[in-house]
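Residues per chain, in single letters:
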Amino acid sequence: MSLQREDVEKIAHLARLAVPEEELEHLRGELAGILHLVEQMDELDTGDITPMAHPLEMTQRLRVDRVTEENHRDQYQAVAPLVENGLYLVPRVIE
Amino acid sequence: MSDLHRKSLRELREGLAAGSFTSVELVEHFLARIREHDQTLNTLITVSDKEALQQAGAADERIQKGEAGPLTGIPLIHKDIFCTRGVKTSCGSRMLDNFISPYDATVVERLADAGMVMLGKANMDEFAMGSSNETSYYGPVKNPWDTERVPGGSSGGSAAAVAARLAPAATGTDTGGSIRQPAALCGITGLKPSYGRVSRWGMIAFASSLDQAGPMARSAEDCALLLSAMAGFDERDSTCVDRPVDDYLAALERPVKGLRVGVVKEFFGEGLDSGVGASIEEAMKVLEGLGVELVEVSLPHSRYSVPAYYVVAPAEASSNLARYDGVRFGHRCDDPKDLEDLYKRSRAEGFGAEVKRRIMIGTYALSAGYYDAYYLKAQKVRQVIARDFRNAFEQADLLLGPASPEVAFRLGEKSDDPVSMYLSDIYTIAVNLAGLPALSMPAPRAHGLPVGLQLIGNYFDEGRLLNLAHQLQLATDWHLQTPEGFA
Amino acid sequence: MAWETVIGLEIHVQLTTKSKIFSGASTRFGAEPNTQACLVDLGFPGVLPVLNEGAVRRAVLFGTAIEAEIARRSVFARKNYFYPDLPKGYQISQYELPIVGRGHVEILLENGERKRIGVTRAHLEEDAGKSLHEDFHGYTGIDLNRAGTPLLEIVSEPDLRSAKEAVAYAKKIHQIVTYLGICDGNMQEGSFRMDANVSVRPVGRKEFGTRTELKNLNSFRFLERAIDFEVERQIDVLESGGQVVQETRLYDAQKDETRSMRTKEEANDYRYFPDPDLLPLVIEDAFIEETVKGMPELPEARRRRFEEEYGLSAYDAEVLTATRPQADYYEAVVAVAGDAKLAANWMMVELFGALNKAGLSLEVSPVSAEALGGLVKRIADDTISGKIAKTVFEEMWRSGRAADEIIEEKGLRQITDSSAIEAIVDEVLAENAQQVENYRNADPKKQPKMLGFFVGQVMKKSQGKANPRQVNELLRNKLG
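About the criteria used
Residues numbered from 1 in each chain as written. Chains lettered and ligands numbered in written order. Predicted model: local features only at pLDDT ≥ 70, side-chain atom pairs only at ≥ 80, totals over all residues. Heavy atoms only, no water. Helix = DSSP H or I, 4+ residues; strand = E, 2+ residues; numbered from the N terminus. Rg over C-alpha atoms; globule rule 2.2 N^0.38 Å. Buried < 20%, exposed > 50% of the residue type's maximum accessible area, 1.4 Å probe, protein only. Contact = heavy atoms within 4.5 Å. Areas by Shrake-Rupley, 256 points an atom, 1.4 Å probe, with all protein chains shown as cover. Polar contact = N/O pair within 3.5 Å; in protein donor to acceptor, adjacent residues only side chain to side chain. Pairing = 2+ DSSP bridges. Axes fitted to C-alpha atoms, helices over the stretch in contact; angles between N-to-C directions. Buried area = accessible area lost by both parts, 1.4 Å probe. Salt bridge = Lys/Arg side-chain N within 4 Å of Asp/Glu carboxyl O. Bend = angle between axes of the 7 residues up to and from the residue. Parallel < 35°, antiparallel > 145°, perpendicular 65-115°, else oblique. Left-handed = near helix turned anticlockwise from the far one by under 90°. Nonpolar A, V, L, I, M, F, W, Y, C, P; charged D, E, K, R; others polar. Domains from an automatic or database assignment. Core = buried A, V, L, I, M, F, W, Y, C linked by side-chain atoms within 4.5 Å. Patch = residues over 30% accessible without salt bridge, like charges linked within 9 Å, V, L, I, M, F, W, Y side chains within 5 Å. Lys, Arg positive; Asp, Glu negative; His and termini not counted. Charge placed at Lys NZ, Arg CZ, Asp CG, Glu CD.

(A) Inspection of the overall build of chain B at higher detail. Scanning chain B for helices and strands turns up 16 helices and eleven strands. By the compact-globule yardstick of 23 Å for 487 residues, chain B fits well, its C-alpha radius of gyration being 21 Å. Structurally, chain B occupies a C-alpha span of about 65 × 50 × 45 Å along its principal axes. Relative to its 487 residues, chain B shows a buried fraction of 69%. Taking contacts inside chain B between residues at least 6 apart in sequence as the whole, the part at least 24 apart equals 76%. Split by element, the accessible area of chain B, about 14400 Å² in all, is 45% carbon and sulfur.

Structure representation (structure tokens):
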């Protein structure tokens, strides 16, 4: 699976990262190198192995349905780049 | 100048209890050392001197009232990956350069409750992605043993600060070796606990199924003290284990005679620096002298751990780092022309090159058509690697090997070659994939630079790891050596 | 060409937990923006989710109600995409292993037949926040109070063949979740939201046509209209030689049409993977038993019971069990009134009529179930006639007073003393000698109709209080 320039553009878009045109090729090379390392996995036959998502065989604990949080809007919004009337502002979204 | 910075945590506690010095004096001493040395070393992103002196004052009161615990009044630094209420929490990134956390991480909260005093926030690789501390937005950390060299990473600031005696203790996090490798390269002791032993609440996520916080200090005994305060159940972290914390201090004194220690064959092959190999062998001889039985074990699939890791960790990271979008906190680009521009430029400006590479790799590995070949495959390889460990622990109580294939490398040496950088974690990564506890402790130096001996334990067997490390440190002085100029 | 419509619905049901699915913030509707968004809901660095037991129990109740398999092991996954109302850049949902497996519900078709509709799955997930598009000088405002509210997404099989069936199915699901009390069913507040997957195919063809997904259907009426419009549009496209494009379309209620949502150039690639912050959800038998123990009676069962226990017609039982408050009200009326059929009539005709006229819902009815029961009881025990009862009901509606109080105060009690009635009857007969003569000479077939005149006179004289049955009987005897 060789990584194409278009793949890099597609991934960058999915990841919402602006990549200047002139850096695409260099980045493609770096990513291809990493993928080459990663693809060493292919040597290993893992046919009937169960995938391991977690290191521990534990199950999900449940939280009692209780309201434990209070309003700290001002404190939380103190680190926000742009707010007005308690709302976070983003460039206009057109639906 | 006094020798307060040479004391172990136990000695500091005794001195505080006896009234030989106060916490405020102790904190002032370390702050002075930081002022003196940190311009060179760059171990700290933030020095919280005002808060530290306040906390030290409160600790002194506790001590006077006889309400002190074993860590009360002792200073430490937190890796800047832990959220600290009211104090900048940057994670080594421009993205969070302006982020003052509104809350404390559980680790921070617990150590503060124990009465420890935070001196500041340690430099680190950006979002803990790196093995040299060169990816930090705040510039590289220098290794106190040789300031032309890296301290390792990602907890490089923590390791270098402890090695240079700028703080008696530090916290770190380890996703693929980020506690053990810098501990090795800086000549200190660092422990990565079992996955789930320490709460991840408030610890900025890199790869959630691998990340684990741990102590970094000069000795196993110091680490045992710190871990006792850090470990334990936290209902805010679903992956945190609800099981009692062992008495690590008591465990230190257990006899080690007859302990079976597995020497991992694959960790001594091609790629291991011969000086490092010789140092580890010297440590093994001492262990044998202590009555430890060394047996050879094999982790036949360990060479697939780096490839599997570079799918699992970036995949999780690509998702974990999606929240940095310039809307609720963190860096936001100037004058975004639309929503997409806001996202793309804020993220491109806020993240450094290595973080972007890993986000891209992770995004690719999870994307339609590649999920099975990369992500699912890596999860299976992960299972195979965990199985290797299970088999090895049938033959041995602990496993042993080097923490890093080489001593500290030169600044810039690997920064243009991601893959060679990734391979510096070749002996540490498998442990994270399996979720096991492991530590790195100083072995005899090689090429004049520190070497880390890695000990790996079975799940929740931190006590035994610390036990053997402590007994080895009682018999040797490798962990007491201090870089020139910082004694 | 004859076309067949194929529809599948995805229904998002907000669950009635007090706190959010992964945090301790309140789910109350209508708070000031971002005052109910805690660190977890805002996706701050370092925060972690912990699953709400209440959400899991509600999903188990629903699964049990539709006779579905409850997954003993289900997994939460991340659905990754960027949107301002999605703080973490991913939605925690369930993907490969949902909590509720295949189940089914029955709907009543217009022709009176019942049809079984398959439910493919139902899974737990978190809701997103809201984007407020009113103009903030060129910006959109983001309110994350709703972010993290628990949702159960219920996915149907493509078993629905018309807009009407789709509506019947959606109403059935609405009925079940509100009966169970796992959702408040409030569609204005977005507690129950529907998306429809619609396609058409020539009658007789096995393969499905290309489908479109209709969004923003926030009422049953819009659901029906949007599907009808979309079906026609697709048929037009196909009959004019075109092809239906697989896309998401938005229903515009004002224009009554669906239009293509300008989706970005990228095909959605959500990069689902198991959420490493959450562990597999394992559900034991004991948990299910404990959850189901207090499960309310479901509409189907209640409908059948109403037919059997109260002797109601299928239609009446269906109407009275349509909602849980309605069925509860009815049973409270019966408990007081005693006469189940009479109670059903009074509720469906008088009460519903009055509510309808006043534009009120049952929940705010000025006449309580107990009060209506008290009135029906007085009809049943002959204290008042049905006609008088209507007057009493009007007064109850106005004043909220009890039936007995009004009957006593206004002296509306029916005259059942036969000698008293006989005296009035005799008076009437004496006053209308000519009519008595006519009646007696009339064709017996016409007599019943003529009797009405005398009944009317007696009722008038008694001010409506004479028992009509007794009046009839006495008149027949005396005239006969």
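(B) Structural context of the side chain of asparagine 133 of chain B. All names here are of chain B. If you trace the backbone, asparagine 133 turns up in the loop between strand S3 (117-122) and helix H5 (156-163). With a relative accessible area of 0%, asparagine 133 lands in the buried category. In this structure the side chain of asparagine 133 is engaged in a polar contact, spanning 3.5 Å, whose partner is the backbone nitrogen of methionine 124.

(C) View of the sheet that holds strand S5 (residues 90-94) of chain C. Residues and elements named next belong to chain C. Across the sheet, three strands lie side by side as S5-S4-S15; this open sheet has antiparallel pairing. Whereas interior strands pair on both sides, the edge strands pair on one side only; in this sheet they are S5 and strand S15 (273-274). Bridge analysis of strand S4 (residues 76-80) against S15 gives two bridges, and the strand direction is antiparallel. Bridging across to S15, alanine 77 finds its partner in proline 274.

(D) Main features of the sheet that holds strand S6 (residues 103-108) of chain C. Residues and elements named next belong to chain C. The strand order S6-S7-S10-S1-S11-S12-S13-S14 describes an open sheet built from eight strands, whose pairing is mixed. Taken across any chain shown, the strands that pair with only one partner, and hence form the sheet edges, are S6 and strand S14 (257-260). Geometrically, the sheet is characterised by an average inter-axis angle of 30 degrees between neighbouring strands, direction not taken into account. Bridging between strand S13 (residues 248-252) and S14 involves four bridges; their strand directions are antiparallel. Looking across to S14, one finds that tyrosine 251 is bridged to threonine 258. The strands touched by helix H4 (residues 220-239) within the sheet are strand S1 (3-14), strand S11 (192-202), strand S12 (212-217), S13 and S14, with S11 carrying the most contacts at an inclination of about 25 degrees.

(E) Highlighting the interface of chain B and chain A. Counting from both sides, the interface comprises 71 residues of chain B and, opposite them, 49 residues of chain A. Interface area for chain B against chain A, summed over the two sides, is near 5300 Å², with a carbon-plus-sulfur share of 71%. The largest share of the area that chain B buries against chain A comes from Met360, Tyr364 and Lys380 of chain B, three residues that together contribute 13% of it. At the junction of chain B with chain A, the criterion picks out two salt bridges. Put simply, glutamate 43 of chain A and arginine 303 of chain B hold a salt bridge, and the shortest N to O gap is 3.3 Å. Scanning the region where chain B abuts chain A turns up 17 residue pairs in polar contact (both at pLDDT 80 or more). Taken together, the elements giving at least two residues each to the side of chain B that touches chain A come down to helix H10 (305-320), helix H11 (339-350), helix H12 (353-366), helix H13 (372-392), helix H14 (418-422) and helix H15 (429-434) of chain B. If one sorts the elements of the side of chain B that touches chain A by residue count, H13 of chain B sits on top with 13 residues.

(F) Geometry of helix H2 (residues 23-41) of chain B. Residues and elements named next belong to chain B. At arginine 35, H2 shows its maximal bend, which comes to roughly 40 degrees. Along H2, the residues classified as buried are Ser23, Leu26, Val27, His29, Phe30, Leu31, Arg33, Ile34, His37, Asp38 and Leu41. Buried residues along H2 sit against helix H1 (9-18), strand S1 (44-47), helix H3 (49-64), strand S2 (75-79) and S3. Immediately downstream of H2, the backbone of asparagine 42 shows phi near 60 degrees, a positive value.

(G) Focus on the packing of helix H14 (residues 433-441) of chain C against helix H15 (residues 447-461) of chain C. Residue and element names in this part refer to chain C. Two elements in contact, H14 and H15, have axes whose closest approach is 10 Å; the angle formed by their N-to-C orientations is 165 degrees. Classified by the angle between their axes, H14 and H15 sit roughly antiparallel to one another. For the pair H14 and H15, the crossing hand works out as left-handed. Counting all contacts with H14, which are made through Gln435, Val436, Asn438, Tyr439 and Arg440, the residues of H15 involved are Gln447, Met450, Leu451, Phe453 and Phe454. Looking at the contact of H14 with H15 residue by residue, the classes come out as six nonpolar, three polar and one charged.

(H) Up close: the domain arrangement of chain C. All names here are of chain C. By the assigned domains, chain C splits into domain 1 (3-290), domain 2 (297-410) and domain 3 (418-479). Taking only C-alpha atoms, the centre of domain 1 and the centre of domain 2 are 37 Å apart. With eleven residues of domain 1 in contact, the opposing surface of domain 2 contributes twelve residues. Summed over both sides, the interface of domain 1 with domain 2 buries roughly 900 Å², with 51% coming from carbon and sulfur. The largest contributions to the domain 1 side of the interface with domain 2 come from Arg114, Gln175 and Tyr179, which together make up 65% of the buried area. Our count for the contact surface shared by domain 1 and domain 2 stands at two salt bridges. Among the salt bridges present, the one from lysine 172 reaches glutamate 300, with a minimum N-O distance of 3.1 Å. Examining the composition of the side of domain 1 that touches domain 2, we find that six residues originate from one element, helix H3 (residues 163-180), more than from any other.

(I) Representation of the nonpolar core. Among the nonpolar cores identified, the biggest contains 200 residues, and Phe127, Phe389 and Leu466 of chain B are the most heavily contacted of them. If we ignore the near neighbours within four places in the chain, the residues touching leucine 466 of chain B are Leu191, Ala220, Cys223, Ala224, Leu227, Tyr248, Leu252 and Leu439 of chain B.

(J) Highlighting a negative patch on the surface. Taken together, the side chains of Asp228, Glu232, Asp236 and Glu239 of chain C define an acidic patch exposed on the protein surface. One can find aspartate 236 of chain C in helix H4.

(K) Just the interface of chain C and chain A, in detail. With 54 residues of chain C at the interface, the matching set in chain A holds 35 residues. A combined buried area of about 4000 Å² lies between chain C and chain A, and 60% of that area is made up of carbon and sulfur atoms. At the boundary of chain C with chain A, the tally comes to zero salt bridges. Remark: the boundary between chain C and chain A carries 25 residue pairs in polar contact (both at pLDDT 80 or more). Along the lines of polarity and charge, the residues of the side of chain C that touches chain A split into 27 nonpolar, 14 polar and 13 charged.

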